[in-house]
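# Coordinate analysis (summary)
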Amino acid sequence: MLKKVGAVAAFAALASVLVATTAWGSAKAPARASAAAAKTIKCGKTVTIGIAYPATGPAASLGAPQFDWASYAKKRWNKSHKLKIKLVVGDTKLGDSPGLAVPVAHSFGSNGKMLAVVGPAGSQEVQDSIGIYKKAGLVAVSGSATRIFLTRAKTGNPRETPKGYFFRTVPNDGQQGDAVASWIHNKLKFKHVYIIDDEEAYSQGLANQVAADLAKFGVTAGRNHISQQQQDFSSVVTAIPANTQLVYIPWQLPGQAQTFYNQLHAAGRHAKIMGSDGTDAPGTFQPNGNGYVSGFPVDFTSSVLKSFMKAHNHQPETFGIPSYTATLVAATAISKACKAGHGKTTRAAVRKRVPKVKLSAKAGLLGFGIQFLNKNKATYQGPGDMGGTANFAIYQITSGGSYKRVG
Amino acid sequence: MHLLLFNIIDQIRSLGWGGAFELLRNGIVLGSLYSLIALGYTMIYGILKLLNFAHGDVYMVGAFLGFGVLTAFGGALNPGIGLVPLIIIMFAVAMLGSGVLGVGIERFAYRPLRNAPRIAPLIAALGVSFFLENSAQLMTNGFQYNYDAFQLGGKNGNFGPLFDPVFTVAGNPVTVVQVLVVGSAVTLMAALIFLVSRTRLGKAMRATAFDQEAASMMGIDTDRVISSTFFIASVLAGAAGVMYGLYIGTTFYFMGFLAGLKAFTAAVVGGIGSIVGAMVAGVLVGLIESYAIGYVGGQWSDIVVFGILILFMIVRPTGLFGAQAIQKV
Amino acid sequence: MAEPQPSPESTQTKPLLELEGVWKSFGGLVVIDNLDLAVNENEIVSVIGPNGAGKTTLFNLITGIYPPDSGAIRLDGESLVGLPPHKIARRGAARTFQTLRLFLNMTVIENVMASQYGQTKVGIARAMLRTPGMRREEREIRARAEEKLAFFGERLMGYRWDQPAYSLSYANRRRLEIARAMATEPRILLLDEPAAGMNPSETHEITELIGKLRDDGGYTILVIEHDMHVVEGISDRVVALDHGVKIAEGTFEAVATNPRVVEAYLGTSAAVTK
Ligand SMILES: Nc1ncnc2c1ncn2[C@@H]1O[C@H](COP(=O)(O)OP(=O)(O)OP(=O)(O)O)[C@@H](O)[C@H]1O
Ligand SMILES: [Mg+2]
């Protein structure tokens, strides 16, 4: 939708980048930055965490599972801890132009009780608003912003977020792209791949990553693009070469991916189809017997997950699980900081606690333990990313529609 | 630029005649839907000089109404009645429901502003659009709802008869649903042309469009004519919504936005106010979009469609079939 | 609805169109000033007066474009005040416009057919479902339109019927406006300067036509006209307005020589002399 309003959107984007850069630039003045960060905040009985996510707008269907899981984390936390947490909602309207990530950051910054933020959801939102969070001394822990360069500098460029202010509880696009590309090449041994992104930053990041990784293996993939508003894929299907073995669609909307699959097969094409964590939605994305997705290695036998599903229409809402983890990370950091400060703390103290938080695989639900890196690792990870075994798993979608882990 | 051109030629070659036909077919089917929606824009603009921004959302509501009927009869995988009566009921309910919605929108949002400055109903139209979109979003949680049209009438989850080929051209099938979409669109458009040109209501509509005050002094109940215009425009949009659901297989709350924008583009390119213009330009926009996706790449399709709109407006501001600004004496 | 019926006997006592103490002002400017006016069945009454006297405003008040500030307007004894224009038209008051307002996007005959809308039951379903009854009605409407156009003889001949209205000459546009008004099956025709812009022979023709409308068509006519030849030729009675006030009423001779009328015209232009 963004580009349809062409000039307006471009202008808005430019404006928000300008705002972000100037905000960040001025945030470098240490005195201003530390004022809000160093302000003493009483912990009391309940501490406040902001959650920045798309409650409305085109990406609302992605925001809903994040909010559900974050709320669930709050509920579970408050059951077993004396220091309760409270979530303050900021609707960023991701995908709308202009989105509201920046105004939300301002309002969180000026909320005198707020100690940490879960989110923002989109990588672009993080880039646009992190300067404001830094100025306010707030730490942002995102459960879905996966662009590599948020945490790892691109050659010749600075990192897109200041070190120590941004963390994520989701493996990044580099990790996911590597996992997907090596699966396609090493296990499936496919030579003819076609990649379609949905023109959102998330999708393009993954598509570029997988294309680059496949190129390293000597596989040239065809490329095409659709928009998140698009539902008629008949002409995109026409454009896919007949000998294509696999169509990779790292999209955000599983319903859209299923529609694409149906149209692909209605047109008599028999290529396999592979989605990403965005389409990891059993019950919605069901290319039965013909598909794969990359997704979190979630333990579906976990009692926590089961009771969540009971309360949410039997849907696991997998996409939101990292927001559950992110909420726990924020709550743990705050509670440690409060304890150390004897009932008082500062945003700076909370922020410095975050990289030290550790969660077990079982507690975090994601199938891997949470611990943050403090220096670069491998090709793609940097401080703010998770270390250890954190990565995506590959699932095959069986002809019965269930997801079976294969890698 | 050269590289892009090279890529396009390469793609045209690799898709061959079969691909060219497929793109033609896709463009005509999609364009039929744009035409139906564009007709609503053009009719309402013609009679009230109002850009009814909410029109795309009426189309969305039509798609959901069709989905509601489908669900009420047990869903695509397990419908309680035969395929043909089911589809007829889906169309009937969606068309009627959308028509009533259109009349309601006019009655409650636009009519009170009839004598207000021109900008007021325009803002009201935006408001209605947001209202419909956000209501639908709340009711659907922002999820896409699957018609499962592919399985409709099929056994054990296999593709149903809607996706059987009716005939093939150079090995490329044209399916039942594609024929259904184009066929019913053409039928509806023929009925509309008949209604506007031959019936008294049609004449009253044209009279009201040209000079509402004079028309009312000739005994024409212009409020009623305007209501009827909204009804007809919305019925067409509702029908397009169901067609979309059956053909594309899904509906979601935001689907009216872009479709509405493209249909509006078609209405303008066709010459806003011109019924034939909206029909022709709707198919044209569908074709341009289809070929742009197939040959140039999906990221270019909207740029091409809207770029053509801008170019066209510069070269021929009245549109393809725009009236040559008839002078009132 | 039936053809306009010749009047019952009662018209001698009760006028067809009746205005009583009508006021209208626009932002402080009084345009119609306590006007009384009566038009009897089968009468031709002319309204004269200098530019800006309020003549067209009078028609606008009768046809319901805007309501009077006070006063009564009755057609055949029933009040028209507050009714929307289309209901007033259906009650039997039809008009033409000083500044022609034809439906130029339609053909000649369609203009005349469109204004029969009020005479028929219209519904989308009825219009779309071509029942035999509907088709008959459709034919009748066309026949009635042709009948109205035939009133103008050679001028609006058959070959012109399916031409676009904008292709007509100025004089023919005036004629078509009258035909269109006739098609609403009115009891009273309100003609706003029907001879404006016409050459002498056309003016002569329209004078005859107005007489014929009354004699053969049975219409009651209230006409605004500047051309005194026309006024003299057609009027049973003449009413002179100035600044919204009725300054004279009576036969053409009486009004034309009335000093107040002469003064009103001399004050603006010396148009009253023939
Ligand atoms: N809608 C209106 N708003 C304000 N003033 C108006 C309106 N209609 C008419 N007038 C004023 O009322 C006065 C009478 O106008 P009207 O058109 O009735 O005159 P007329 O007698 O028909 O003149 P003419 O011979 O030029 O046609 C004029 O001064 C005109 O400016
Ligand atoms: Mg006048």
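Okay, the domain arrangement of chain A next. All names here are of chain A. Partitioning chain A into structural domains gives domain 1 (11-172 + 300-388) and domain 2 (173-296 + 394-405). The gap between the C-alpha centroids of domain 1 and domain 2 is 29 Å. On the side of domain 2, 18 residues touch domain 1, which itself brings 16 residues to the contact. Interface of domain 1 and domain 2: buried area, both sides summed, is about 1,700 Å²; carbon and sulfur atoms make up 56% of it. Counting across the domain 1 and domain 2 interface gives six residue pairs in polar contact (both at pLDDT 80 or more). Class assignment for the residues of the side of domain 1 that touches domain 2 results in nine nonpolar, six polar and one charged.

Turning next to the site of ligand 1. Residue and element names in this part refer to chain C. The full set close to ligand 1 counts 14 residues, and Gly 52, Lys 55, Thr 56, Thr 57 and Gln 98 are the nearest of them. At 2.8 Å, a side-chain N or O of Lys 55 approaches an oxygen atom of ligand 1. Take Thr 57: an N or O atom from its side chain is 2.5 Å from an oxygen atom of ligand 1. Contact with the protein chains removes 63% of the 640 Å² of surface that ligand 1 exposes when unbound. Sorting elements by how many residues they give to the shell around ligand 1 places helix α1 (residues 55-62) first, with three residues. Among the residues forming the shell around ligand 1, the class breakdown is five nonpolar, seven polar and two charged.

This next bit is on the sheet that holds strand β8 (residues 222-225) of chain A. Residue and element names in this part refer to chain A. Sheet architecture is open: seven strands sit in the order β8-β7-β9-β10-β11-β15-β16, paired in mixed fashion. In this open sheet, the two strands that pair with only one neighbour each are β8 and β16 (403-405). Mean inter-strand twist for the sheet, computed between neighbouring axes without regard to direction, equals 25°. The pairing of strand β7 (residues 193-197) with strand β9 (residues 246-249) spans three bridges and is classified as parallel. What sits directly across from Ile 195, in β9, is Tyr 248. The sheet strands contacting helix α6 (residues 173-188) are β7, β9, β10 (272-275), β11 (291-295) and β15 (393-397), and the helix crosses β11 at an angle near 145°.

Residues and elements named next belong to chain B. Tracing the backbone through its elements, the reader meets Thr 42 in helix α1 (residues 2-48). According to the relative accessible area criterion, Thr 42 is buried, its value standing at 1%. If we skip the residues at most four places from it in the chain, Thr 42 touches Ala 267, Gly 271, Ile 272, Gly 273, Ser 274, Ile 275 and Ala 278.

One frequent convention defines the size of an interface as the accessible area lost when the parts assemble. Residue and element names in this part refer to chain C. Partitioning chain C into domains gives domain 1 (10-92 + 189-220 + 227-274) and domain 2 (102-185). Taken together, the contacts link 18 residues of domain 1 with 13 residues of domain 2. Where domain 1 abuts domain 2, roughly 1,400 Å² becomes buried across the two surfaces, and 64% of that area is made up of carbon and sulfur atoms. The interface formed by domain 1 and domain 2 holds two salt bridges in total. Between Glu 205 and Arg 175 there is a salt bridge, with the nearest N and O atoms lying 3.1 Å from each other. Where domain 1 packs against domain 2, one counts four residue pairs in polar contact (both at pLDDT 80 or more). Of all the secondary-structure elements, those providing two or more residues to the side of domain 1 that touches domain 2 are β7 (188-192) and α8 (200-215). With six residues, the single largest contributor to the side of domain 1 that touches domain 2 is α8. Taken together, the residues of the side of domain 1 that touches domain 2 break down into nine nonpolar, two polar and seven charged.

Criteria and cut-off values
Residues numbered from 1 in each chain as written. Chains lettered and ligands numbered in written order. Predicted model: local features only at pLDDT ≥ 70, side-chain atom pairs only at ≥ 80, totals over all residues. Heavy atoms only, no water. Domains from an automatic or database assignment. Contact = heavy atoms within 4.5 Å. Buried area = accessible area lost by both parts, 1.4 Å probe. Polar contact = N/O pair within 3.5 Å; in protein donor to acceptor, adjacent residues only side chain to side chain. Nonpolar A, V, L, I, M, F, W, Y, C, P; charged D, E, K, R; others polar. Near = heavy atom within 4 Å. Areas by Shrake-Rupley, 256 points an atom, 1.4 Å probe, with all protein chains shown as cover. Helix = DSSP H or I, 4+ residues; strand = E, 2+ residues; numbered from the N terminus. Pairing = 2+ DSSP bridges. Axes fitted to C-alpha atoms, helices over the stretch in contact; angles between N-to-C directions. Buried < 20%, exposed > 50% of the residue type's maximum accessible area, 1.4 Å probe, protein only. Salt bridge = Lys/Arg side-chain N within 4 Å of Asp/Glu carboxyl O.

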